[in-house]
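# Chain and residue survey
Next come the chains, spelled out residue by residue.
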Amino acid sequence: MPTVSAHVAHTLAQHIDAVFGVMGNGNAYFLDAIETQTDAVFTAVRHEQGAVVAADAHFRASGRIAAGTSTYGAGFTNTLTALAEAVQAHVPLVLVVGDEPTSGPRPWDVDQIALASAVGARTYTVGRADAAATTVIAIEHALTYRVPVVLAIPYDVAALEAGAVPEAPAPRLPAPLAPRGEFAAGTLDEIAAALAGASRPFLLAGRGAWLSGAGDALGDLARLTGALTASSALGRGVFPESQYDLGVTGGFGADGAMDLVRSADVAVVFGASLNQFTMRFGELFAPGTRVFQIDIAPAATHPHVGGFVRADARLAAEELVTRVGSLVSGSGPEIAPAEHSFGADARHTETSGLADGESLPASGAVPGRPWRETVDVAAARTYDAGDDLAADGRLDPRSAARRIAELLPGDRVVVSDGGHFIGWANMYWPVEAPDRMMMVGTAFQSIGQGWPSVVGAALARRESTVVLTSGDGGGLMAIADLESAVRAAQGRGIAVIWNDAAYGAEVNLYGLKGLAEGPMRIPEVDFAAFGAAVGAEGVVVKTLADLDRLSTWALEDSATRRFLLLDLRISGDVIAPYQQEIIRVNS
């Protein structure tokens, strides 16, 4: 007869096709059922933190919920940092764990429900009679609130016979949050009027806009208003017309692009939390900019917001397309062609091109032309190319990042650990959509979650190249799952380790204040050798010419080539612009 653990496995497998974890006493029966009785794919990692990280990355890369699993006690406590990251990042997943017996705790048990609650995760505990129903409720909770949940199987219940697995209902998910009430309708009218009358309209979108499927509607709105666009770090690529997109706002943004954002007279934000990094510590918009926000949060998330609508980004964007279309054309929601999409002040001016030899202005709109067609977006998005080598003789990370971008396969998913180095990939490596660049760890300001991120992304995107960007500090912290990454991605995997022999962020923030740098330094580690030890091809990169191996690797058959690990010996003296902002704020 099926056991309680089998009930959990069968029900989970109806909605989840990927499980990551480490086997132990508490989850042995569950994993046996997953392996022998379901079609779900189990992938082993080497540290329990990696179980949650891989499930987290799987969702970010595919939009499909996944599961992690660990044993009780020490296995469970190893998951807490990754669990906290998933909570902070609003990533739904299910963590299936063993737990203390129903008779009470043993010497090695801890209060797992309290620990999970402390980092913001709710626990559902299964029993002999309700395991299938409780599993559905846990999945429903995770998807509804976009959070991780813990599904606990008490040790003395795991192997009990529970009868035939019952038919479990599908999880009930709420409909997208529509704008409701007179206040929301009035604010949408106000936003539409502001956009229609703007000389320099600007649209900003975040991960929430991507999750809601708002891309097409936002593209229509941008065309209709002639707006320039940009995204948060987690929303890049959400706007369909990249030629009018300024890239990522905040410290990852190019100076020219951020100057254009600051010159906007109306800004509308969709599904972005407007945290301190996106907002450049409050300096993204000029004091005169009218800022509106649309989000499912209960209230505006930044004091600079002057008008707020609580709604799903896609539904609100579609409403605005209708409203602005009526104002611009006077004939309903038809989308005006781009050459006629301009602000109210310019609608009665004949469209004319620039005179021969006349240069495009940096910010101000040209009468009769939409703002986005009067600026050089490509020039505004240009970053510092860097030097081949920095002054200390080590590789300049800017030139290395630029060269790597030229050589990486186009069909790629980039996963990022946390640390000073996050600026380089975010600035120099463009991606096609938000689910192709993920930063696992930054929501909770943690490092050491890079290697298992490769595992989840590789399973979610089985045809794409998965590229890890990590530092030497985070790379060492999670080194056990280097083996997992190489095994999971094989010839579709690349790791770029920005090796400055230091905890770079700490050196930049506290070394410059005169604090002792000994604890901030790391003896230089040969990551290429680490990679070779677990079956990867390791390359030490000291010059740009050493990156030529990436060029030839990209041309090889992914079925026969090995995982490639690039150990970049970079200079720690080159500080990323976003770190310079943090230094300025904290100095």
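Here the structure is a predicted model, which means the values were calculated and not measured. (Residues numbered from 1 in each chain as written. Predicted model: local features only at pLDDT ≥ 70, side-chain atom pairs only at ≥ 80, totals over all residues. Heavy atoms only, no water.)

### Quick word on the overall build of the protein chain
- Of regular secondary structure, the protein chain possesses 22 helices and 18 strands.
- Here the C-alpha atoms of the protein chain give a radius of gyration of 25 Å, agreeing with the 25 Å that 2.2 N^0.38 yields for 587 residues.
- The dimensions of the protein chain, computed from C-alpha atoms along their principal axes, are 80 × 60 × 50 Å.
- Here the contacts in the protein chain between residues at least 6 apart in sequence split such that 76% fall between residues at least 24 apart.
- Of the charged side chains in the protein chain, 41 are positive and 66 negative; the average position of the first set lies 1 Å away from that of the second. (Helix = DSSP H or I, 4+ residues; strand = E, 2+ residues; numbered from the N terminus. Rg over C-alpha atoms; globule rule 2.2 N^0.38 Å. Contact = heavy atoms within 4.5 Å. Lys, Arg positive; Asp, Glu negative; His and termini not counted. Charge placed at Lys NZ, Arg CZ, Asp CG, Glu CD.)

### Structural notes on the pattern of salt bridges
- As enumerated under the stated definition, the model contains 31 salt bridges in all.
- Arg-569 serves as the salt-bridge partner of Asp-567, at 3.0 Å between the closest nitrogen and oxygen. This pair shows no difference in class: Asp-567 is buried, exactly as Arg-569 is.
- The network of salt bridges with shared partners includes Arg-394, Glu-524, Asp-526, Asp-567 and Arg-569. (Salt bridge = Lys/Arg side-chain N within 4 Å of Asp/Glu carboxyl O. Buried < 20%, exposed > 50% of the residue type's maximum accessible area, 1.4 Å probe, protein only.)

### Quick word on the side chain of Thr-71
- Residue placement: Thr-71 occurs in the loop between β3 (67-70) and α4 (74-77).
- Thr-71 has contacts with Val-22, Gly-24, Asn-25, Gly-26, Asn-27, Phe-76, Val-97 and Gly-98, leaving out every residue within four places of it along the chain.

### Regarding the confidence of the model for the protein chain
- Averaged over every residue, the pLDDT of the protein chain is 92; residues scoring 70 or more account for 93%.
- pLDDT under 50 marks residues 331-363. Its contacts with residues more than four places away, or in other chains, come to 70 contacts. (pLDDT = per-residue confidence, 0-100.)

### Description of the packing of aromatic side chains
- If you walk through the whole model with that rule in mind, you get seven aromatic pairs.
- Where Phe-202 meets Phe-285, the ring centres are 6.2 Å apart and the plane angle is 65 degrees; that geometry is what we call edge-to-face. With Phe-202 in strand β7 (residues 201-205) and Phe-285 in the loop between β10 (266-270) and β11 (290-295), the pair connects residues that are 83 residues apart, well separated along the chain. Phe-285 matches Phe-202 in its accessibility class, with the two residues each being buried.
- Between Phe-252 and Tyr-578, the aromatic rings sit 5.3 Å apart at their centres with planes inclined by 70 degrees, giving edge-to-face as the arrangement. A residue pair is termed long-range when its members are at least 10 positions apart, and Phe-252 in the loop between β9 (245-248) and α11 (255-262) and Tyr-578 in helix α22 (residues 577-586) qualify at 326 residues. (Phe/Tyr/Trp six-rings, centres within 6.5 Å; stacked < 30°, edge-to-face > 60°.)

### What to know about α22
- Residues of α22 that are buried include every one of Tyr-578, Gln-579, Glu-581 and Ile-582, and no others. Down the axis of α22, the buried set is contained in an arc of 155 degrees. They therefore lie on one face.
- Of the surrounding secondary structure, the elements contacted by the buried residues of α22 are α15 (422-428) and α19 (504-511). (Arc of directions from axis to C-beta.)

### Overview of the sheet that holds strand β15 (residues 465-471)
- The strand order across the open sheet formed by six strands is β14-β13-β15-β16-β18-β17, and the pairing between neighbours is parallel. Looking along the sheet, the strands with just one partner apiece sit at the ends: β14 (437-439) and β17 (537-541). Each strand of the sheet is rotated relative to its neighbour by a mean of 15 degrees, with strand direction disregarded.
- Judged from the five bridges that link them, strand β13 (residues 412-416) and β15 form a sheet pairing that is parallel. Following the sheet pairing, Ser-416 is matched in β15 by Thr-469.
- Across the face of the sheet, helix α21 (residues 548-555) comes into contact with β15, β16 (493-499), β17 and β18 (564-569) while running at roughly 165 degrees to β18. (Pairing = 2+ DSSP bridges. Axes fitted to C-alpha atoms, helices over the stretch in contact; angles between N-to-C directions.)

### Quick notes on unusual backbone geometry
- A positive phi angle, close to 50 degrees, is found at Arg-280, a residue other than glycine.
- A relative accessible area of 17% places Arg-280 in the buried class.
- Even without glycine at this site, Gln-445 takes up a positive phi of about 55 degrees.
- Looking at the secondary structure, you find Gln-445 in the loop between β14 and α16 (450-460).
- When its relative accessible area of 60% is taken as the criterion, Gln-445 is described as exposed.

### Section: the nonpolar core
- Residues Phe-20, Leu-83, Leu-95, Val-150, Trp-451, Val-454 and Phe-563 are the most contacted members of the largest nonpolar core, which totals 54 residues.
- Of all the elements, helix α3 (residues 48-62) adds the most residues to this core, at eight residues.
- The contacts of Val-454, once residues within four sequence positions are left out, are Val-415, Val-466, Leu-468, Ala-485, Ala-489 and Phe-563.
- Ala-401, Tyr-428, Val-496 and Ala-576 belong to the second largest nonpolar core, which has 40 residues in total. (Core = buried A, V, L, I, M, F, W, Y, C linked by side-chain atoms within 4.5 Å.)

### Looking at empty space enclosed by the protein
- As enumerated under the stated definition, the model contains one cavity of 30 Å³ or more in all.
- In this model, the largest cavity occupies a volume close to 40 Å³.
- Looking at the largest cavity, the residues that line it are Gly-219, Ala-222, Thr-229, Phe-239, Pro-240, Glu-241, Tyr-244 and Arg-372.
- Split into classes, the residues belonging to the lining of the largest cavity amount to four nonpolar, two polar and two charged. (1 Å grid on protein atoms, 1.4 Å probe; cavity = no way out; pocket = protein on both sides within 12 Å on 5 of 7 lines; lining within 4 Å. Points joined across faces, edges and corners; volume = space filled by probe spheres on them. Nonpolar A, V, L, I, M, F, W, Y, C, P; charged D, E, K, R; others polar.)

### Looking at the environment of Val-455
- Of note, Val-455 is situated in helix α16.
- The class of Val-455 is buried, set by a relative accessible area of 1%.
- The sequence separation of Val-455 and Gly-441 amounts to 14 residues, and the corresponding C-alpha distance is 15 Å.
- Once residues within four sequence positions are removed from consideration, Val-455 is found in contact with Phe-20, Thr-43, Val-45, Ala-54, Ser-484, Ala-485 and Ala-488.

### With respect to the packing of helix α14 (residues 397-407) against α21
- The geometry of α14 relative to α21 is characterised by a closest axis approach of 9 Å and an angle of 20 degrees between their N-to-C directions. On the basis of the axis angle, α14 is roughly parallel to α21. The two elements α14 and α21 cross, and the hand of that crossing is right-handed. Where α14 approaches α21, its residues Arg-403, Ile-404 and Leu-407 are matched on the opposing element by Asp-548, Leu-550, Ser-551 and Ala-554.
- Taken together, the residues of the contact of α14 with α21 sort by class into four nonpolar, one polar and two charged. (Parallel < 35°, antiparallel > 145°, perpendicular 65-115°, else oblique. Left-handed = near helix turned anticlockwise from the far one by under 90°.)

### Focus on the layout of surface pockets
- Of the voids in this model, the second largest pocket is the one considered here, and its volume is about 500 Å³.
- Residue lining of the second largest pocket: 26 residues in total, with Gly-247, Arg-381, Met-427, Pro-430 and Val-431 positioned closest to the centre.
- At the level of elements, β9, α14 and α15 are the ones that each hand at least two residues to the lining of the second largest pocket.
- When its residues are assigned to classes, the lining of the second largest pocket shows 14 nonpolar, eight polar and four charged.

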